Amino acid sequence: MAKVKNILFIMCDQLRADYLSCTGHPRLETPNIDALAARGVLFSRAYCQAPICGGSRMSFYTGRYNFTHGATWNGVPLNLGEQTIGDYLRPLDYRVALVGKTHMNADTAGMERLGLDPHAPFGVLASECGFEPYERDDGLWGNAEFGPENLAYNNYLNAQGYEGKNPWHDYANSHEGPDGEILSGWHIRNNHLPARVKEEHSETAYMTNRAMEFITEAGDQSWCLHLSYIKPHWPYVAPAPYHDMYGHNDMIPVNRHPDEKENGHPVYKFFMGRPDSETFARDETRNNVIPSYMGLIKQIDDHMGRLFKFLEEQGRMDDTMIVFTSDHGDYLGDHYMAEKELFHEESVRIPMIVYDPDEGSDATRGTVDDSFMEAIDLVPTFIDAAGGEIPEHILEGRSLRPLLRGEKPDDWRTYVISESEYAARFASWEFGIKPSEARGTMVRTDDWKYIHHEAFRPELFDLKNDPNEWVDLGEDPKYEDVRREMRDQMFESLRRRKFRKTFPDKDMEMRARRSLDNDTKKAVYIGVW
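Residues numbered from 1 in each chain as written. Predicted model: local features only at pLDDT ≥ 70, side-chain atom pairs only at ≥ 80, totals over all residues. Heavy atoms only, no water.

### A word on the sheet that holds strand 13 (residues 439–444)
Selection criterion: We treat two strands as partners when DSSP finds at least two bridges between them. A run of H or I in DSSP becomes a helix once it reaches four residues, and a run of E becomes a strand once it reaches two; helices and strands are each numbered from the N terminus. Helix axes are fitted to C-alpha atoms over the stretch in contact, other axes to C-alpha atoms as well, and angles between N-to-C directions run from 0 to 180 degrees. Residue contacts follow a heavy-atom distance rule, with two residues in contact if any of their heavy atoms lie within 4.5 Å.
Read from one edge to the other, the open sheet built from four strands follows the order 12-13-14-15, with strand pairing classed as antiparallel. Each edge of the open sheet is held by one strand with a lone partner, namely strand 12 (416–421) and strand 15 (459–462). Ignoring strand direction, the axes of neighbouring strands in this sheet form an average angle of 15°. One ladder, built from five bridges, connects strand 13 with strand 14 (residues 448–453); its direction is antiparallel. Within strand 14, the position partnered with Thr441 by the bridge is His452. Against the sheet, helix 17 (residues 480–495) touches strand 12, strand 13, strand 14 and strand 15, its axis set at about 70° to strand 14.

Right, here's the structure in full:
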């Protein structure tokens with residue numbers, strides 16, 4: 001396979017898989033993202049390895065499952081020993097940079113233990129998930145009283161005439177009342193109104209500009225750019241004209257059933273009872289938020305069009321692999337819940353489009369591949385595309401390039417795994433369990449979804465007859481054989497995790513061959529008469 005010169009890794013935050021026109025949304029039109037799918041492959045059954053920003057992204061960046069790398073939730077540092085995209089591509093002469101969000105917390109304790117300076121070149125990379133922080137911005141900066149220090153986007157807004165210490169909040173993520181007062185975007189009741197910032201100065205426009213600046217600056221050097229948009233993640237604040245492009249008649253009908261509240265799993269019942277879920281369970285909330293959510297996606301699509309046109313003009317579409325995806329979904333009131341963190345399709349399934357410019361992928365352009373794909377597949381795909389050797393003793397995902405070339409390996413996965421440590425927003429003390437026990441593992445096959453909870457009964461959904469996931473068969477004795485089979489698959493996944501990271505299989509085989517070769521002179525002889 002030919003080496004890909006550049007890699008553009010685009011991620012949206014909290015974008016559901018079913019909120020693009022190419023994935024079936026009936027009213028939301030995303031022609032530029034659709035055009036990318038027409039040039040590449042749309043993976044219709046792609047899943048994140050953790051339905052939460054931090055845990056999911058660390059799996060995207062390491063190529064390893066959530067419980068393997070251990071940075072399971074937002075704010076949990078990624079162990080210093082975990083290698084990421086930059087560690088694999090930089091030795092292959094790629095400049096690996098970030099524009100936008102990672103939600104990564106540095107392992108400062110690990111660096112301090114080893115005497116590493118976080119401001120030295122290696123320390124900076126270790127603190128930024130292996131990326132050169134061309135523009136790091138995680139995009140959640142409180143209100144005017146909690147403004148970040150020296151945020152580049154705030155400095156940019158100040159230069160455009162937006163005053164104050166934290167224009168991220170006061171303009172980009174707030175609305176304006178009838179008397180000119182600031183109405184915070186944190187309050188969902190305001191989200192039908194436009195942002196106080198002009199569209200061309202919004203976060204999505206700004207990050208797109210910064211990406212194009214990086215690509216221009218990089219010139220002919222090979223690069224991998226992670227363009228990580230902050231939206232459509234809350235605050236659900238869209239600038240005009242996107243705030244009112246859609247109405248409640250354009251929304252997908254809510255997916256929920258009263259039996260879910262009556263007979264729901266204890267973990268789900270707790271989540272349904274949280275204030276954010278109770279807010280999103282109201283039709284008033286959905287009617288106010290979802291049109292803005294759709295507008296934010298439409299805005300991203302328009303800037304995708306601007307970015308792709310720029311790449312064409314720069315001659316980069318012919319040598320740049322492009323991935324478009326999301327870190328996880330958003331319940332948006334489905335199943336009476338808000339946010340993500342749990343395992344319904346609305347939360348755990350993600351959009352995934354991969355465009356490979358290599359002519360070997362011509363046969364699959366414009367196709368939809370329903371093979372099970374996991375977020376951890378991207379790191380080995382990038383290494384493969386860059387002409388490197390995939391470290392199979394470390395990475396738990398698989399390269400997608402065979403699929404992109406129309407090949408289907410006989411041993412391709414028959415199930416996907418996602419893992420959630422939901423302790424950070426779960427009252428473990430009320431259930432008499434430790435925070436470390438508030439975790440679950442999802443196994444999803446063609447027909448079934450099984451969720452193992454460490455401290456609670458399991459869940460089971462018959463996806464063939466119950467695609468909406470309304471009827472939990474986790475305790476039904478008639479399905480014990482199915483549950484046993486799904487547990488076996490979960491156990492298989494755990495057995496196959498990669499923990500011997502410092503010594504490849506090929507080296508182990510070489511050692512075995514030498515030790516078993518009776519003709520080889522040895523320094524040490526074992527069991528010889």
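### Details of the pairing of strand 13
Within a regular beta strand, the side chains point alternately toward one face of the sheet and then the other, so they alternate between its two faces. Test applied: Burial status follows relative accessibility: with a 1.4 Å probe on protein chains alone, a residue under 20% of its type maximum counts as buried, one over 50% as exposed, and anything between as partly exposed.
Among the six residues in strand 13, five count as buried, and that is most of the element. Sheet topology note: the strand 12/strand 13 ladder contains six bridges and is antiparallel. Paired with Ser420 across the strands is Gly440, a residue of strand 13. Counting the residues between successive antiparallel strands, the hairpin from strand 13 to strand 14 contains three residues.

### Points about the side chain of Glu82
Convention followed: Pairing of N or O atoms within 3.5 Å defines a polar contact, subject to two protein rules: one partner must be a possible hydrogen donor and the other a possible acceptor, and residues neighboring in sequence count only if both atoms are side-chain atoms.
Inspection of the secondary structure puts Glu82 in the loop between helix 3 (66–69) and helix 4 (85–89). Glu82 gets classed as buried once you look at its relative accessible area, which sits at 9%. In terms of polar contacts, Glu82 uses its side chain to reach the side chain of Arg64, at 2.8 Å.

### Brief notes about the pattern of salt bridges
Any two side chains of opposite charge can pair if their charged atoms end up close together. Where we set the bar: Salt-bridge detection follows one rule: a side-chain nitrogen of Lys or Arg within 4 Å of a carboxyl oxygen of Asp or Glu.
Tallying each qualifying case throughout the model produces 49 salt bridges. In this structure, the salt-bridge partner of Asp334 is Arg16, at a minimum N-O distance of 2.9 Å. Remark: Arg16 occurs in the loop between strand 1 (6–13) and helix 1 (31–39) and Asp334 occurs in the loop between strand 8 (320–326) and helix 14 (345–348); sequence separation between them is 318 residues. For Asp334, a relative accessible area of 4% corresponds to the buried category.

### Here we look at the packing of helix 1 against helix 13 (residues 283–313)
Rules: Should an angle fall under 35 degrees it is called roughly parallel, over 145 degrees roughly antiparallel, and 65 to 115 degrees roughly perpendicular, with every other angle called oblique. In this count, Pro and Cys sit with the nonpolar residues alongside Ala, Val, Leu, Ile, Met, Phe, Trp and Tyr, while Asp, Glu, Lys and Arg are called charged and the others, Gly among them, polar.
Where helix 1 meets helix 13, the closest approach of the two axes is 7 Å, and the angle between their N-to-C directions is 50°. On the basis of their axis angle, the class for helix 1 and helix 13 is oblique. Facing Pro31, Asn32, Ile33, Leu36 and Arg39 of helix 1, the residues of helix 13 in contact are Lys298, Asp301, Asp302, Met304, Gly305, Phe308 and Glu312. When grouped by side-chain class, the residues that make up the contact of helix 1 with helix 13 number five nonpolar, two polar and five charged.

The quantities given are spatial measurements derived from coordinates; they are silent on function.
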